[in-house]
Amino acid sequence: MPMRCPPLPWTSSRFGAYLLSPAKLMRCNEGAVQHQLLLDKSAPGHLFPVLDSLNQLGICAWQVNQPILDLIVSIFNDKGSDKLDIPPPLSEAPVVPVQTPGELSSWDKLSFQKEQSRCRKKAAEMYSLRMDALYKLSIANHLRDQIFWFPHNMDFRGRTYPCPPYFNHLGSDVTRALLLFAEGRPLGPNGLDWLKIHLINLTGLKKRGSLQERKQYADEIMDDIMDSADRPLTGRKWWMEADEPWQTLACCMEVTRASRSADPTKYISHFPVHQDGSCNGLQHYAALGRDEIGARSVNLMPCETPQDVYSGVAQQVRYSYVRAIYYTIGHGLVGPFLALINQVEEFRKIDAKKGIKVAQVLDGFIGRKVVKQTVMTVVYGVTRYGGRLQIEKRLREMDSFPQKYVWEASHYLVQQVFNSLKEMFSGTRSIQHWLTESARMISKSGNTVEWVTPLELPIIQPYHRSSNVTFQSSLQMVYLANKSDANE
């Protein structure tokens with residue numbers, strides 16, 4: 001649970017966060033002891049920068065956004081809403097069909113069993129989602145009039161997370177919309193502008209626009225913003241069409257209150273404005289490799305408008321070789337990845353002319369959404385097999401795409417995406433290859449891959465082949481798999 005008082009500061013690898021409940025500084029797999037051994041061996045002052053970071057995150061006080069909570073609870077009690085990510089009750093689940101008496105053919109029996117299985121699976125999923133939402137809303141309602149804190153710890157890579165796992169500021173759109181800073185600040189001369197920019201970011205309507213264009217767009221639609229704030233469930237409901245509807249509504253209310261105040265620069269705001277990286281894994285690789293073209297595509301280089309790496313990969317697949325060269329000569333490195341010489345579309349056209357059906361079928365279907373997940377996870381080591389599954393899932397979600405070609409198209413497309421990334425992020429792929437080879441050689445020598453971060457945090461990757469142990473008795477055989485034995 002969130003804490004009702006500030007968390008204890010982390011002072012060592014074994015003490016901090018909760019007053020009474022024990023908390024680990026570093027999360028790890030059950031049975032793995034290597035992380036804690038490394039932390040214990042660290043010199044006393046080496047962990048201070050890491051501990052200070054966790055303490056700084058944990059000392060931030062929060063409160064519940066009560067108007068948003070009341071709206072969410074009212075919809076939750078009124079059969080929910082799939083569109084607004086409020087799970088409906090089990091009464092809305094599909095009715096499990098009952099077998100009619102009489103003889104059924106084998107095909108009819110199979111169809112009946114499949115339909116029964118589908119209905120039961122859907123009901124189980126709805127129950128799980130409903131209980132999860134109920135639990136989070138119960139915590140929010142319990143803390144309705146309180147100030148609370150989220151103690152933080154980290155995983156074995158040094159990534160920080162709140163200790164309370166269910167209700168925190170890293171949750172879903174619904175959960176994030178329920179949270180405000182407990183300590184407010186005056187907006188100052190630029191605060192209202194940032195609130196408006198954040199609002200448009202949440203809607204997803206101006207992803208390719210500059211910050212100034214987003215602010216101007218917010219000014220143009222102030223009537224819709226204020227209508228959403230004043231009449232969220234009875235007005236024009238503009239906020240419901242946003243990518244993040246509940247955060248959008250919460251921001252509409254804050255922008256409206258600030259705009260109507262006597263002096264917006266002195267308005268005390270408690271509203272969190274999120275800022276995110278652009279495909280953060282690729283950002284790190286581009287910086288490591290001093291890759292200017294890659295850095296430009298993930299917004300590490302100065303640019304008038306934000307670059308979108310996912311659309312860039314999709315555009316690479318859509319634009320021809322000649323057109324990319326023309327764009328480079330005529331416009332310079334302006335669009336994401338258009339300046340890179342890529343022949344993917346040229347190859348697709350050649351394949352299409354040869355009569356290869358999948359190349360013909362894919363024409364017009366390669367967009368940002370199809371490639372985003374694969375591009376995002378390739379820096380974390382996703383394989384072509386995993387990438388194919390991701391693309392297959394996206395293609396299945398497209399109603400207009402002929403489903404009988406999904407398997408073949410996903411195979412063809414994952415090859416093109418990986419080739420595009422190899423062209424665009426040559427430095428990234430070289431570094432990944434070096435890391436992979438280094439890890440392979442370290443493992444072959446019988447050692448574990450480990451390193452120390454610039455903040456003096458020791459990191460270890462205790463991956464081992466699982467050893468299966470069999471226990472046999474007169475009654476049964478039990479198989480145990482051990483993956484975290486430090487002695488292996």
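Residues numbered from 1 in each chain as written. Predicted model: local features only at pLDDT ≥ 70, side-chain atom pairs only at ≥ 80, totals over all residues. Heavy atoms only, no water.

A. Representation of the layout of surface pockets in the model. What the second largest pocket holds in volume is close to 280 Å³. Surrounding the second largest pocket, 14 residues form its lining, Phe-181, Glu-183, Arg-185, Ser-269 and Phe-271 being those nearest its centre. Among the elements of the structure, β8 (185-186) and α6 (188-203) are those that each provide at least two residues to the lining of the second largest pocket. When grouped by side-chain class, the residues that make up the lining of the second largest pocket number 10 nonpolar, two polar and two charged. (1 Å grid on protein atoms, 1.4 Å probe; cavity = no way out; pocket = protein on both sides within 12 Å on 5 of 7 lines; lining within 4 Å. Points joined across faces, edges and corners; volume = space filled by probe spheres on them. Helix = DSSP H or I, 4+ residues; strand = E, 2+ residues; numbered from the N terminus. Nonpolar A, V, L, I, M, F, W, Y, C, P; charged D, E, K, R; others polar.)

B. Region of interest: the pairing of strand β3 (residues 61-64). As defined by bridge partners, β3 adjoins strand β4 (residues 148-149) across two bridges and the pair is classed as antiparallel. When the bridges of β4 are listed, Trp-62 appears paired with Phe-148. Where β3 and strand β7 (residues 179-181) come together, three bridges link them in antiparallel fashion. Bridged to Gln-63 within β7 is Leu-180. (Pairing = 2+ DSSP bridges.)

C. Region of interest: the packing of α6 against helix α7 (residues 211-220). It is the contact of α6 with α7, at a shortest axis distance of 8 Å, that shows an interaxial angle of 90°. Judged on the interaxial angle alone, α7 and α6 are roughly perpendicular. Seen from α6, the contacting residues are Asp-193, Trp-194, Lys-196, Ile-197, Ile-200 and Asn-201; seen from α7, they are Leu-211, Arg-214, Lys-215, Tyr-217, Ala-218 and Asp-219. A class-by-class count of the residues in the contact of α6 with α7 yields six nonpolar, one polar and five charged. (Axes fitted to C-alpha atoms, helices over the stretch in contact; angles between N-to-C directions. Parallel < 35°, antiparallel > 145°, perpendicular 65-115°, else oblique. Contact = heavy atoms within 4.5 Å.)

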